[in-house]
Every structure is written in C-alpha cells, then in structure tokens.
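# Tertiary structure, described
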Amino acid sequence: MLQKLLSQAKTVAIGGHIRPDGDCIGSCTGLYQYIKEMYEDISVDLYLESFPEVFKFIEATKEILHEAKEKTYDLFIALDCGDADRLGFSKVLFEKARKTFCVDHHISNESFAMENYIKPEASSTSELVYELIEKEKISKAVAESLYTGIVHDTGVFQYSCTAPETMEAAADLMRCGINAPEIIQKTYYEKTYAQQQILGCKLLESVRFMDERAMVAAVTRKQMKFFGITPNDMEGIVSQMRNTKGVEVAIFMYEIDHYKFKVSLRSSNLVDVSKVAKYFGGGGHKKAAGVTMTGRKHDIINNLSAQIALQLD
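Residues numbered from 1 in each chain as written. Predicted model: local features only at pLDDT ≥ 70, side-chain atom pairs only at ≥ 80, totals over all residues. Heavy atoms only, no water.

## A closer look at the packing of aromatic side chains
If you walk through the whole model with that rule in mind, you get 9 aromatic pairs. Taking 5.1 Å as the distance between ring centres and 85° as the angle between the ring planes, the aromatic pair formed by Y188 and Y189 counts as edge-to-face. Pairing F226 with F227 gives two aromatic rings, centres 5.1 Å apart and planes at 90°, and the pair type is edge-to-face. Connected via pairs of aromatic rings, a cluster forms that spans Y47, Y73 and F89. (Phe/Tyr/Trp six-rings, centres within 6.5 Å; stacked < 30°, edge-to-face > 60°.)

## Quick notes on the layout of surface pockets
What the second largest pocket holds in volume is close to 160 Å³. Elements that contribute at least two residues to the lining of the second largest pocket include exactly helix 8 (193-205), strand 7 (214-219) and helix 12 (297-312). Tallied by class, the residues present in the lining of the second largest pocket amount to 5 nonpolar, 3 polar and 3 charged. (1 Å grid on protein atoms, 1.4 Å probe; cavity = no way out; pocket = protein on both sides within 12 Å on 5 of 7 lines; lining within 4 Å. Points joined across faces, edges and corners; volume = space filled by probe spheres on them. Helix = DSSP H or I, 4+ residues; strand = E, 2+ residues; numbered from the N terminus. Nonpolar A, V, L, I, M, F, W, Y, C, P; charged D, E, K, R; others polar.)

## Here's the deal with the sheet that holds strand 4 (residues 99-104)
Two pairing modes exist for strands in a sheet, parallel and antiparallel, and in both the strands are linked by backbone hydrogen bonds. Pairing within the open sheet is parallel, and its 5 strands lie in the order 2-1-3-4-5. If you trace the sheet from one side to the other, it starts and ends with strand 2 (43-47) and strand 5 (115-118), each paired once. Mean inter-strand twist for the sheet, computed between neighbouring axes without regard to direction, equals 15°. Across the face of the sheet, helix 2 (residues 22-38) comes into contact with strand 1 (11-16), strand 2 and strand 3 (75-79) while running at roughly 165° to strand 1. Across the sheet, helix 4 (residues 125-132) touches strand 3, strand 4 and strand 5, and the angle it forms with strand 4 is around 120°. (Pairing = 2+ DSSP bridges. Axes fitted to C-alpha atoms, helices over the stretch in contact; angles between N-to-C directions. Contact = heavy atoms within 4.5 Å.)

## Brief notes about the nonpolar core
Counting residues in each nonpolar core, the largest one holds 51 residues, and the members touching the most others are V12, I14, L31, I35 and I77. Among the elements that make up this core, the one with the highest residue count is helix 2 (7 residues). In this structure I35 touches L6, V12, I14, I42, V44 and I77, once residues within four positions along its chain are discounted. A214, V249, I301 and L304 belong to the second-largest nonpolar core, a separate cluster that totals 24 residues. (Core = buried A, V, L, I, M, F, W, Y, C linked by side-chain atoms within 4.5 Å. Buried < 20%, exposed > 50% of the residue type's maximum accessible area, 1.4 Å probe, protein only.)

## Quick look at the pairing of strand 11 (residues 288-294)
In this structure, strand 9 (residues 260-267) lies alongside strand 11, joined through 7 bridges in antiparallel fashion. By the bridge assignment for strand 11, K260 is matched with T294. Here strand 10 (residues 283-284) pairs with strand 11 via 2 bridges, running antiparallel. Bridge pairing in strand 11 places G284 opposite A289. What sits between the antiparallel neighbours strand 10 and strand 11 is a turn of 3 residues.

## Re the sheet that holds strand 11
Strand order in the open sheet formed by 6 strands is 6-7-8-9-11-10, with mixed pairing between adjacent strands. Edge positions in the sheet fall to strand 6 (207-209) and strand 10, since each of these pairs with one other strand and no more. Running at roughly 130° to strand 7, helix 8 makes contact with strand 6, strand 7 and strand 8 (249-257) of the sheet. Of the strands in this sheet, strand 6, strand 7, strand 8, strand 9 and strand 11 are in contact with helix 12, which crosses strand 8 at around 145°.

## Some thoughts on the pattern of salt bridges
For the structure shown, the criterion picks out 18 salt bridges. E53 is the partner of K56 in a salt bridge, and the nearest nitrogen-oxygen pair spans 3.1 Å. The partly exposed category is assigned to K56, whose relative accessible area is 42%. Residue class for E53 comes out exposed when judged on its relative accessible area of 59%. (Salt bridge = Lys/Arg side-chain N within 4 Å of Asp/Glu carboxyl O.)

## A closer look at empty space enclosed by the protein
Rolled over the atoms, a probe as big as a water molecule pinpoints where empty space is left. In this structure the tally under the stated criterion is 1 cavity of 30 Å³ or more. By volume, the largest cavity amounts to about 30 Å³. Lining the largest cavity are L2, L31, I77, F101, V103, V129 and L132. Taken together, the residues of the lining of the largest cavity break down into 7 nonpolar, no polar and no charged.

Now the structure itself:
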C-alpha cells in the first residue's frame, strides 16, 4: 500500500499528533528518513510540534518543520493520529493534499484519510511503519527511530499490547546496529531533577477514591511555573500511578488554561479508558487515553468517575 502511494507522488508531507510522544516522533522520523533514503525523486517534509529534548539524538529531528508551508502536497501521511484535528497546525496541509494516508493504532480512529492502515491491536504506529516498509532496506537511522517508538508505546515491552510480532520487529531493528540499551535508558528511564521532583510531589499529593480502585493527581499552572517544567516533563507520572496495587484507573491532569485541563487516563484490566475519553470528546487506547476537559478540577473528576463507575460496577 505504501509503495503504491509513494510511486504516485512527487511531494510528500508527514505529520503526527499534537504534543508528540515517543511513538509519534519515532514513526514520523523513521518514515521520513526511509523516504529520503529510498525515494530520491520525492521531496518530503516532516511537520511536528515541539517535542521532548531526549529525542533529539534522532538526526531527522533537526529537519522537523514547526510551521506549515504554503504548499499543496501530492500525499500527506498522518501518523499516530486518531483524527484530523489532532494534527494541529499541519491539519491545513492534510486538507489541501491531493491524497491522504493514515497509519495508526488508536482504537478511536475512524479512518479519516482517503487511504487508511489502522490496526488497534498493534503495539505502536512505529511497528506499523515497520510492517509497511521494505525490511531489507532499513538503515540504522530508520531503525533507531522505529525502535524508539516501539519502546515508548510498549513501556519497554511490558504493556499488554506487546505481541510476539512486536518483539520480532524490535529484534530485527536491533540487528541494524542500534544501541538499544542506551535508547531505553536515555529516552525512557532517565529523568531530570525537576521531573523527579514533580513526580514525587504528585505521588505524595495523589488521592485514591472509588473504594481505592481509582487514583488521581493534578498539576496547576502555578505549580508548573514553580518547578520550571513543561507538559513534556510530566510524561510517565500517570503510568507510575497506575502501578499502585489495587488501582484499576489512574487519572493525571494538568492545567492548560483557566478551568481547562489536559487529562491522561491509564487502566490496569477492568476499564476501557478509550470509551471514557471518547465520551468527553477525547480518544486513545483501551488502557491509555486522553482528553481535554473544561471545568473545576473536582467537577472534572466527578464526571470522569461517573463514566468509570459504569465499567467497574
């Protein structure tokens, strides 16, 4: 499918979701580098918002564009994105493109592009990109990107989305000569002092409720300023909360405007948080989802609790 689409294009744009994470960055830079290496007659541009510093070891990140060009592309490839609005500033390029293609693993994705490759059961969009490209032509640079994406969306191969095929893909990418242990340590486990501080603070301030089956923590804009952090610095807090014994659902929220919060949801086994997020206009996966909600903090928690309770009762 990918090869056919590329054979019909001279200009290609690649875009991922707002607030790009490891899988978004990995899949986007991996495919971008692959097209640059294998299709010399194609002009390709990569569009993403600002991203965490830890991913700057990927060479292709130096070529990321943060503003949309005045251009109509033959093909726009949307990666790791559940709907067009999640493309952010590059949505205008998606809408103008002559052909659109989406590769994604979000269960909430409703195939919004002209052509779609959607597999909700896949570990990551990076694994799907691996499936679509020619394996024998994967360079070390491409492998670094795709391996990084798989590592981040599987929680270093510990989440239930990790299938035998995921491990086989990772092994194949390792054979390209990448430094797998360093990628895992530097991009997944290593934290700045400020990141460790906010993690410790929020774990101390967290509250369990719903018979201790749910856990919540919140960060205000004032606290973010005090600790000198950005939203990127809070990645992983909600997953750490979910690791608490007896907790089925973890809720982490941070203030992005007056009475407006970005909410991250993680579940253990019983709750499909993608359904909860979708009810409020968000989306994601069964065990990891997100949504932006407006209101007082306690009202948001109460509204989320009502939807979670429907699955716990």
